[in-house]
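Listed here are the chains, written in short residue letters.
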Amino acid sequence: MMSKDKIESASPHVLPSLPYADNALEPVISGKTIGFHYGKHHKGYVDNLTKLVAGTAFADLSLEKIITQTAGKADKTAIFNNAAQTWNHTFYWHSLKPNGGGEPPAALKQKIEASFGAMDACKKELAAAAMAQFGSGWVWLAMDGDKLKVVKTGNAEVPLTTGMKPLLTIDVWEHAYYLDYQNRRADYVSAVLDKLINWDFAAENLG
């Protein structure tokens, strides 16, 4: 498994390998969707970013440093968007796993129950945030101080830029689910939470 630290220090110029085969998430997410999503969209962000940072002060920085140093700067919007989307997608692939869902590891479960009252309440809040995000974006389980929160972000935005620590994410851009679910975002999110969400990865990021 790729740790969050490795994701943060990853080169902006390399498309990271998927942590599983492209058909490993079937039937929830098809190999065809992964082929387009990873092979076209994610790769496109990496390729665009490589071109945008060539010959600049950002060329040799890690993805996370590029994101934090370009966030909120109007003249660096294209670099931020492609860097953040590269990072977000890598984080998303690791937020899923074949035969996921179920119960989180004990330390994470305890933290979730302390923050939300119950596991079901946390999952319901994630699902509600996914539906409330208008247009493209992401839904995150993130650590804010010593408490867990559900956060939604638009487009390429990521909680890293506001001092929060992401534990896992669900991509709610249409290309993440349209081939499999058409406009039924709720069905996609529900299936991901029940059958694919990688609580082990979230627990690792808690540390």
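Residues numbered from 1 in each chain as written. Predicted model: local features only at pLDDT ≥ 70, side-chain atom pairs only at ≥ 80, totals over all residues. Heavy atoms only, no water.

Caption draft 1: Local environment of the packing of helix α5 (residues 106-116) against helix α9 (residues 199-206). α9 packs onto α5 with a crossing angle of 80° between their chain directions and a minimal axis gap of 9 Å. Taken as axis vectors, α5 and α9 run roughly perpendicular relative to one another. Packed against α5, whose contacting residues are Ala 107, Leu 108, Lys 111 and Ile 112, the element α9 presents Trp 199, Ala 202, Ala 203 and Leu 206 at the interface. Among the residues making up the contact of α5 with α9, the classes are represented as seven nonpolar, no polar and one charged. (Axes fitted to C-alpha atoms, helices over the stretch in contact; angles between N-to-C directions. Helix = DSSP H or I, 4+ residues; strand = E, 2+ residues; numbered from the N terminus. Parallel < 35°, antiparallel > 145°, perpendicular 65-115°, else oblique. Contact = heavy atoms within 4.5 Å. Nonpolar A, V, L, I, M, F, W, Y, C, P; charged D, E, K, R; others polar.)

Caption draft 2: Looking closely at the nonpolar core. Grouped together as the largest cluster of nonpolar side chains are 62 residues, with contacts concentrated most on Ile 29, Ile 112, Leu 141, Tyr 188 and Val 192. Top contributing element to this core by residue count: helix α4 (residues 77-95), with eight residues. (Core = buried A, V, L, I, M, F, W, Y, C linked by side-chain atoms within 4.5 Å. Buried < 20%, exposed > 50% of the residue type's maximum accessible area, 1.4 Å probe, protein only.)

Caption draft 3: Structural view of the environment of Asn 48. Within the secondary structure, Asn 48 sits in helix α2 (residues 31-53). Its relative accessible area of 35% is what places Asn 48 among the partly exposed residues. In this structure the C-alpha to C-alpha distance between Asn 48 and Ala 106, which are 58 residues apart in sequence, comes to 41 Å.

Caption draft 4: Structural detail: the packing of aromatic side chains. All chains considered together, the criterion is met by 10 aromatic pairs. Between the aromatic rings of Tyr 92 and Trp 93, the centroid separation amounts to 5.1 Å while the plane-to-plane angle is 45°, which identifies the pairing as tilted. Judged on exposure class, the residue Tyr 92 and its partner Trp 93 are both buried. Measuring from centroid to centroid gives 6.2 Å for Tyr 92 and Trp 138, while their planes differ by 75°, and the two rings are edge-to-face. On the criterion of sequence distance, the pair formed by Tyr 92 in helix α4 and Trp 138 in strand β1 (residues 137-144) is long-range, its members being 46 residues apart. Tyr 92 sits in the buried class, given a relative accessible area of 0%. Residue class for Trp 138 comes out buried when judged on its relative accessible area of 0%. Site record: aromatic cluster; members linked through ring pairs are Tyr 38, Trp 87, Phe 91, Tyr 92, Trp 93, Trp 138, Trp 140 and Phe 201. (Phe/Tyr/Trp six-rings, centres within 6.5 Å; stacked < 30°, edge-to-face > 60°.)

Caption draft 5: Representation of the sheet that holds β1 within the structure. On the basis of which strands lie adjacent, the open sheet formed by three strands has the order β2-β1-β3 and antiparallel pairing. Because the sheet does not close on itself, it has two edges, and the strands there are β2 (147-154) and β3 (165-171). Geometrically, the sheet is characterised by an average inter-axis angle of 25° between neighbouring strands, direction not taken into account. Looking at chain direction, β1 and β3 are connected through six bridges and run antiparallel. Within β3, the position partnered with Leu 141 by the bridge is Leu 168. Sheet contacts for α4: β1 and β3; angle to β3, the most-contacted strand, approximately 85°. (Pairing = 2+ DSSP bridges.)

Caption draft 6: Layout of α4. The first and last C-alpha atoms of α4 sit 26 Å apart over 19 residues, in line with the 27 Å expected at 1.5 Å per residue. α4 sits mainly inside the fold: 16 of its 19 residues count as buried. (Expected span 1.5 Å × (residues − 1).)

Caption draft 7: Focus on helix α6 (residues 119-132). Counted at 1.5 Å a residue, the expected span for α6 with its 14 residues is 20 Å, and the 20 Å between its end C-alpha atoms agrees. For α6, every residue scored as buried is listed here: Met 119, Cys 122, Leu 126, Ala 129 and Ala 130. In an axial view of α6, the angular spread of the buried residues amounts to 105°, which keeps them on one side of the axis. For α6, the exposed residues set more than 90 degrees away from the buried face come down to Asp 120 and Lys 124. Where α6 is buried, its residues meet α5, β1, β2, α8 (185-195) and α9. (Arc of directions from axis to C-beta.)

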